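Below, each chain spelled out in residue letters.
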Amino acid sequence: MTAAAVGLSHSPLIGKNDPAPEVLARVEDAVAGAKAFVEAFDPGLVVLFHPDHYNGFFYKEMPPFCLATAANAVGDFESQAGPLSVPTDLANRVAQGVLDRGVDLTVSARMTVDHGAVQPLEVLFGGIDRVPVIPVYINGVATPLGPMSRIRALGEAIGAACAKLDKRVLFLGSGGLSHDPPVPVLEGAPPRVAEALIEGIPPTPEQRARGEQRVIDAGKAYAAGDTTMIPINPTWDNALLDILANGTLSDVDGWTVEQMNAEAGHSSHEVRTWIAAFSALAATGAYTMDSRFYEAIPEWIAGFAVATASQAGA
Ligand SMILES: O=C(O)/C=C/c1cccc(O)c1O
Ligand SMILES: [Fe+2]
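Rules used in this analysis
Residues numbered from 1 in each chain as written. Chains lettered and ligands numbered in written order. Predicted model: local features only at pLDDT ≥ 70, side-chain atom pairs only at ≥ 80, totals over all residues. Heavy atoms only, no water. Axes fitted to C-alpha atoms, helices over the stretch in contact; angles between N-to-C directions. Helix = DSSP H or I, 4+ residues; strand = E, 2+ residues; numbered from the N terminus. Parallel < 35°, antiparallel > 145°, perpendicular 65-115°, else oblique. Left-handed = near helix turned anticlockwise from the far one by under 90°. Contact = heavy atoms within 4.5 Å. Nonpolar A, V, L, I, M, F, W, Y, C, P; charged D, E, K, R; others polar. Pairing = 2+ DSSP bridges. Buried < 20%, exposed > 50% of the residue type's maximum accessible area, 1.4 Å probe, protein only. UniProt positions renumbered as here; feature names shortened; annotations may be inferred. 1 Å grid on protein atoms, 1.4 Å probe; cavity = no way out; pocket = protein on both sides within 12 Å on 5 of 7 lines; lining within 4 Å. Polar contact = N/O pair within 3.5 Å; in protein donor to acceptor, adjacent residues only side chain to side chain. Salt bridge = Lys/Arg side-chain N within 4 Å of Asp/Glu carboxyl O.

Caption draft 1: Structural detail: the packing of helix α4 (residues 148–162) against helix α9 (residues 271–282). Close contact between α4 and α9 brings their axes to 7 Å; oriented N to C, the two are set at 40°. Judged by the inter-axis angle, α4 sits oblique to α9. When the axes of α4 and α9 are compared, the crossing they make is right-handed. Note on element contacts: α9 touches α4 through Val-271, Arg-272, Ile-275, Ala-276, Ser-279 and Ala-280, opposite Met-148, Ile-151, Arg-152, Gly-155, Glu-156 and Gly-159. When its residues are assigned to classes, the contact of α4 with α9 shows six nonpolar, three polar and three charged.

Written out as structure tokens, the structure reads:
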């Protein structure tokens, strides 16, 4: 088995509230580099660690993480809708391998995914159905959130399970880094919002459009410096990228949810997808980070990063 990893921030505001052209050009360069890396690696299987933004997972059952044996994209923020190419038999084998290694994984035979899963597939592969992909949801917004050590354990178990496959496997993490978009919170929510967060009542097109406009407006306010959101934290973001580059992944075990909220915003937990992806790669052997890009982009409400890594000596 051969493995590689890519971490890629996502934002539903890309193309809807863009930063200055020179910032955009730097991002496009970094993304083009990641695309070239992926093309050269030529994965036979992608394991996609992604969060959800109350489009697929709701409080009636909210697992800390869940592996899909089939998945459908909802099409929020004009992202692509429809089925992903999930190889069900392989997904079941990986799920069994994770459970055999003592991590209490849940599975979904009909996972709904949103832009958090779709955007990296669109950006790196040109669509959601171009490559066999096993989506692995990791909760990054819905409290209570578990310890970072369990995310490492999940990533390691998935890496070890995939090492048994005769495949070229790309571990892809989608999200983060520091950011604090206006994602709804169950605690203290008005009854109608609470019901939607618990039951997952699909929004009407008008409700969805209003919710999306609220995020776009927040991006404009964030960029104008007129906001109550926790600022993007480049120091925190670069410290995380250093940990990933150095392979000292257990350094995150001491991070607490409260500290992450305060220092990097309430959606900084999306970095759990990066931790899982790099832990999976680390479980297959030593690795090197081949490329690393970072820029704070308030217009996108994102500490925006792109990184690629491959097995040492590959
Ligand atoms: O409201 C949502 O569904 C998500 C918003 C958002 C904004 C900026 C960066 C992200 O990672 C997001 O998910
Ligand atoms: Fe997100």
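Still more ground to cover, so stick around.
Caption draft 2: Local environment of the sheet that holds strand β5 (residues 81–83). Here we have three strands laid out as an open sheet, ordered β5-β4-β7, and mixed in their pairing. Edge positions in the sheet fall to β5 and β7 (111–113), since each of these pairs with one other strand and no more. Neighbouring strand axes in the sheet, compared pairwise and without regard to direction, differ in orientation by 20° on average. As defined by bridge partners, strand β4 (residues 71–74) adjoins β7 across three bridges and the pair is classed as parallel. Bridging from a neighbouring strand, Ala-71 pairs with Met-111 of β7.

Caption draft 3: Layout of helix α3 (residues 115–125). Buried residues dominate α3, accounting for nine of its 11 residues. Along α3, the residues classified as buried are His-115, Gly-116, Ala-117, Val-118, Gln-119, Pro-120, Leu-121, Leu-124 and Phe-125. Positive phi shows up at Gly-126, right after α3, with a value of about 85°.

Caption draft 4: Spotlight on the UniProt feature "active site" (unreviewed entry) in the protein chain. With numbering matched to this structure, UniProt assigns "active site" (unreviewed entry) to His-115 and His-179. When only the residues just named are considered, the largest pocket is lined by His-115 and His-179. For His-115, the position within the fold is in helix α3. Exposure remark for His-115: the relative accessible area of 4% places this residue in the buried category. Apart from the residues within four sequence positions on either side, His-115 is in contact with His-10, Pro-12, His-53, Asp-76, Phe-77, Ser-79 and Pro-120. Among the polar contacts listed, one links the side chain of His-115 to the side chain of Asp-76, at a separation of 2.7 Å. Position of His-179 relative to the elements: it lies in the loop between β9 (168–174) and α5 (191–199).

Caption draft 5: Spotlight on the pattern of salt bridges. Tallied over the entire structure, the rule returns seven salt bridges. Residues Lys-60 and Glu-199 are paired through a salt bridge, measuring 3.8 Å at the closest nitrogen-oxygen approach. Of the two residues, Lys-60 sits in the loop between β2 (45–50) and β3 (65–68) while Glu-199 sits in helix α5, which places them 139 residues apart along the sequence. Here the salt bridges share partners, and the residues they tie into one network are Arg-152, Glu-156 and Asp-253.

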